[in-house]
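In case you want the letters, here they are:
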Amino acid sequence: MSAGALKMAGSWAFRSISFHRARSFLTISAIGLATALVAGTLAFQDGYRASLRRNVDGMGYQVLVTGKGCPHEAATLILRGGSIPMYIRQEVYQNIVGRPEVKDATRFFMQSVPLDGGRAAQLFVGIDDDFMKLRPGVTFQRGGWFSSGQADEAILGYNVAELRRLNVGDELQVASRKVKVTGILDKLGTQDDGTVFLPLETAQSYFDRRDQLTGIGIRLKDISQAAELVNKLYDIPSIQVVRMAQVQTMILTILDDVRGLLTAFGALCLLVALMGVFNVALISAHERAAEMGILRALGCPAGRLFGLVWGESLVLGVLGVAAGGVLLFALGPAIERGVSSMLTFVPAGGIVTFSPALLLVTAAAVIPLCLLAGLYPAWRSSRVPPLLSIRGVA
């Protein structure tokens, strides 16, 4: 198609759209809403998976040992920084650390303390010297490690330091005591950013849980030995064992059900939008039948007339996708907050990842569907008999 023909088709489409502004606005809005919902669903899926994977990988271990109870509940509580009302004895760690399958193991003790009258909570985690072995990606922004395993000292996650405006050397209230800040971690994008770390024995003493642990994280020499080790560990009484890969799979299975519902709703909105495109194109073709007849009588090819009407569907689709992109990026934070409030488990970090690539993928699906919706009205317009249309019969 020549440049002149393209210019003529574009001019025709924009005149048709502007002639009935309210009708066109509603159609474009419907396409935009459907586009935003479909792209938002894709952004939620990608963002949630990436955030969950980052949180699981950030734990640094492949197998988790905790006290008796629901293993998946315990794992998700640890992932999102919650307290577990189950404890195991220090002796369990000694039983585990010497096993041939174990490469590294770290002990931890978690305690959540309510703040602001219960409206918020601060997570305190007691850690041992093996913590850094399993977290090679953890680096210090300022300061460093504890001076000893019993010191009244703390290492702060990035968000805690920023929110409380604390620096190395400042003091922090923990239970009924004060600790000195020895280090501040770099931003990790996980639950560690909102955590206050204490020496393991110090945390156990502060919260009156001496010789008790919340969990033991294990990194294996060979991941293929995980099932064998889990079976062996179940011989130890009063503990439960869970593989972090299983937890990730379970959560993503639930996510797939949620994504399916959102996708179905997005498809329904898109269907409504496409019906609007079809209706607008059909009405526009009927209203301009006389013009079509005159153009045909003057020798304009049927294919050129088809392109004029069909171009209106293209313009509606492009404008609708653009409106959807603006809506998506403008309401991004609100969408993330709304989705987070509906989920039982929300990993630390963003769970809705918006990107131009996702919008392009959505546009590649929406615009051809808009063209498909305008196919019949365009064909009908190009086949109107010239004489009948001039007389106003068509």
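See above for the structure.
Rules used throughout
Residues numbered from 1 in each chain as written. Predicted model: local features only at pLDDT ≥ 70, side-chain atom pairs only at ≥ 80, totals over all residues. Heavy atoms only, no water. Helix = DSSP H or I, 4+ residues; strand = E, 2+ residues; numbered from the N terminus. Buried < 20%, exposed > 50% of the residue type's maximum accessible area, 1.4 Å probe, protein only. Contact = heavy atoms within 4.5 Å. Areas by Shrake-Rupley, 256 points an atom, 1.4 Å probe, with all protein chains shown as cover. Patch = residues over 30% accessible without salt bridge, like charges linked within 9 Å, V, L, I, M, F, W, Y side chains within 5 Å. Salt bridge = Lys/Arg side-chain N within 4 Å of Asp/Glu carboxyl O. Core = buried A, V, L, I, M, F, W, Y, C linked by side-chain atoms within 4.5 Å. Axes fitted to C-alpha atoms, helices over the stretch in contact; angles between N-to-C directions. Parallel < 35°, antiparallel > 145°, perpendicular 65-115°, else oblique. Left-handed = near helix turned anticlockwise from the far one by under 90°. Phe/Tyr/Trp six-rings, centres within 6.5 Å; stacked < 30°, edge-to-face > 60°. Pairing = 2+ DSSP bridges.

**Some details on the overall build of the protein**
Next, step 1: Looking only at helices and strands, the protein has 15 helices and 12 strands in total.
Next, step 2: The proportion of buried residues among the 394 residues of the protein is 47%.
Next, step 3: Excluding contacts between residues fewer than 6 apart, the proportion of contacts in the protein whose partners are at least 24 apart in sequence is 79%.
Next, step 4: As presented, the protein carries roughly 18,900 Å² of accessible surface, and 61% of it is formed by carbon and sulfur atoms.

**Overview of a nonpolar patch on the surface**
Next, step 1: A surface patch of nonpolar side chains, amounting to about 510 Å² of accessible area, comprises F265, L268, L271, V272 and M275.
Next, step 2: Within the secondary structure, F265 sits in helix α9 (residues 244–287).
Next, step 3: What makes F265 partly exposed here is its relative accessible area of 47%.

**A short note on the nonpolar core**
Next, step 1: Grouped together as the largest cluster of nonpolar side chains are 37 residues, with contacts concentrated most on V65, I96, L156, L198, I216, I218 and L233.
Next, step 2: Per element, the largest residue contribution to this core is four residues, and it comes from helix α8 (residues 226–233).

**Observations regarding the environment of S112**
Next, step 1: Looking at where S112 falls in the secondary structure, it is placed in strand β3 (residues 102–115).
Next, step 2: Classification of S112 as partly exposed rests on a relative accessible area of 23%.
Next, step 3: Placed 83 residues apart in sequence, S112 and T195 show a C-alpha to C-alpha distance of 9.7 Å.

**Concerning the packing of helix α10 (residues 289–297) against helix α11 (residues 302–330)**
Next, step 1: α11 packs onto α10 with a crossing angle of 150° between their chain directions and a minimal axis gap of 10 Å. What the angle tells us is that α10 and α11 run roughly antiparallel. Crossing of α10 against α11: the hand is right-handed. Within the contact between the two elements, α10 uses M292, L295 and R296 and α11 uses L305, L308 and V309.

**Comments concerning the packing of aromatic side chains**
Next, step 1: Under the counting rule described, the total for this entry stands at eight aromatic pairs.
Next, step 2: A ring pair is formed by Y87 and F109, whose centres lie 5.9 Å apart and whose planes are at 20°; its orientation type is stacked. Of this pair, Y87 sits in the loop between α3 (71–79) and β2 (88–89) while F109 sits in strand β3, placing them 22 residues apart in sequence.
Next, step 3: Measuring from ring centre to ring centre gives 6.5 Å for F131 and W145, while their planes differ by 20°; the resulting arrangement is stacked. Remark: W145 occurs in the loop between β5 (140–143) and β6 (153–156) and F131 occurs in helix α5 (residues 131–134); sequence separation between them is 14 residues.
Next, step 4: For F131, a relative accessible area of 7% translates into the label buried.
Next, step 5: Aromatic ring contacts, followed pair by pair, group Y87, F109, F124 and F207 into a single cluster.

**Considering the pairing of strand β7 (residues 171–174)**
Next, step 1: Here β7 shows a buried face lined by L172 and V174 and an unburied face lined by E171 and Q173.
Next, step 2: Of the pairings in the sheet, the one linking β7 to strand β8 (residues 177–185) comprises four bridges and is antiparallel in character. Within β8, the position partnered with E171 by the bridge is K180.
Next, step 3: Counting the residues that bridge the hairpin from β7 to β8 gives two residues, and of these A175 lies at a positive phi of roughly 55°.

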